[in-house]
Amino acid sequence: IDLGTVRSLRIATIDDFDSEVTPRLAVALAKVLTPAELTVMTTPSLRILEDVAARRIDLGIAACPPQLPEGTSEIPLLRDPFVLAVPRGYLKEAPANTVVLDGLPFLRYEKSQLLGRQIAAHLARLRLAPEGRIEMDSNQAIFGLIASGAGWAITTPVGFLRARRFHDQVDLFRLPFAGFSRTISLFRRQEWMPEVASIIAETLRAILRVQVIEPGREAIPWIGEDLAILSDHTLRP
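My aim in this report is to walk through the structure given alongside it, one point at a time. Keep in mind that this is a model prediction, so the values were computed, not measured.

**Notes on the pairing of strand β8 (residues 152-155)**
Side chains of β8 alternate between two faces, with Trp 152 and Ile 154 and Ala 153 and Thr 155 buried alike. In terms of strand pairing, strand β5 (residues 83-87) meets β8 through 3 bridges, oriented antiparallel. In the sheet register, Val 83 faces β8, and the bridge partner there is Thr 155.

**With respect to the packing of helix α1 (residues 21-32) against helix α6 (residues 194-219)**
Where α1 contacts α6, the axes come no closer than 10 Å and their chain directions differ by 140 degrees. Our classification of the angle between α1 and α6 gives oblique. Both α1 and α6 take part in a crossing whose hand is right-handed. Between α1, through Val 21, Arg 24, Leu 25, Ala 28 and Leu 29, and α6, the contact on the second element is made entirely by Ile 200, Thr 203, Leu 204, Ile 207, Leu 208, Gln 211 and Val 212. For the contact of α1 with α6, a count of residues per class yields 9 nonpolar, 2 polar and 1 charged.

About the thresholds
Residues numbered from 1 in each chain as written. Predicted model: local features only at pLDDT ≥ 70, side-chain atom pairs only at ≥ 80, totals over all residues. Heavy atoms only, no water. Buried < 20%, exposed > 50% of the residue type's maximum accessible area, 1.4 Å probe, protein only. Helix = DSSP H or I, 4+ residues; strand = E, 2+ residues; numbered from the N terminus. Pairing = 2+ DSSP bridges. Axes fitted to C-alpha atoms, helices over the stretch in contact; angles between N-to-C directions. Parallel < 35°, antiparallel > 145°, perpendicular 65-115°, else oblique. Left-handed = near helix turned anticlockwise from the far one by under 90°. Contact = heavy atoms within 4.5 Å. Nonpolar A, V, L, I, M, F, W, Y, C, P; charged D, E, K, R; others polar.

Structure representation (structure tokens):
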């Protein structure tokens, strides 16, 4: 496919990829889309999905919602499992239940975020209601609070990699209840250049292998294949 035929490309991505993935994607696209006007912006997942559906952008890299907006297509990219994050040294090993966390408040991602909604929905399905009154819309702030000993959270390896400055002050463990994960995908309108979207998805997977999978598995050795690149044919859960 000759990407030189693309005259403009508007793409939005979640801020999880701000520092490592998005700049590399922009450079890669700029090299092959030389005649095109390239716009890359950072937006929350729910807004990205709305903008793709409304044709305000051509492509979006976002976490998958429970249902796709009408008229949109999805190319899965990354499985990002949820994990338990606690202050360094608070636990000696992965807990069997949440009782051992009762001495710490539960820190929540704000429910306007798809991440916060997914966590809240999973806890509701399991009939778990951990105590905690703090909701934050900032991943860095959540990890800053954990690092200071102010609480625990349910987060993901991608979120942990973003909070690099707090790595020495936070421990990650498997969840002490049924595990779950989020899928990060590339979204487009159904009529928008499927061949071009597939090429960009492969470019993204190559970047994610180096910038997310390899450092993620090194930082969290037990995560294994739970953190993984997904293929075009991966079925939605």
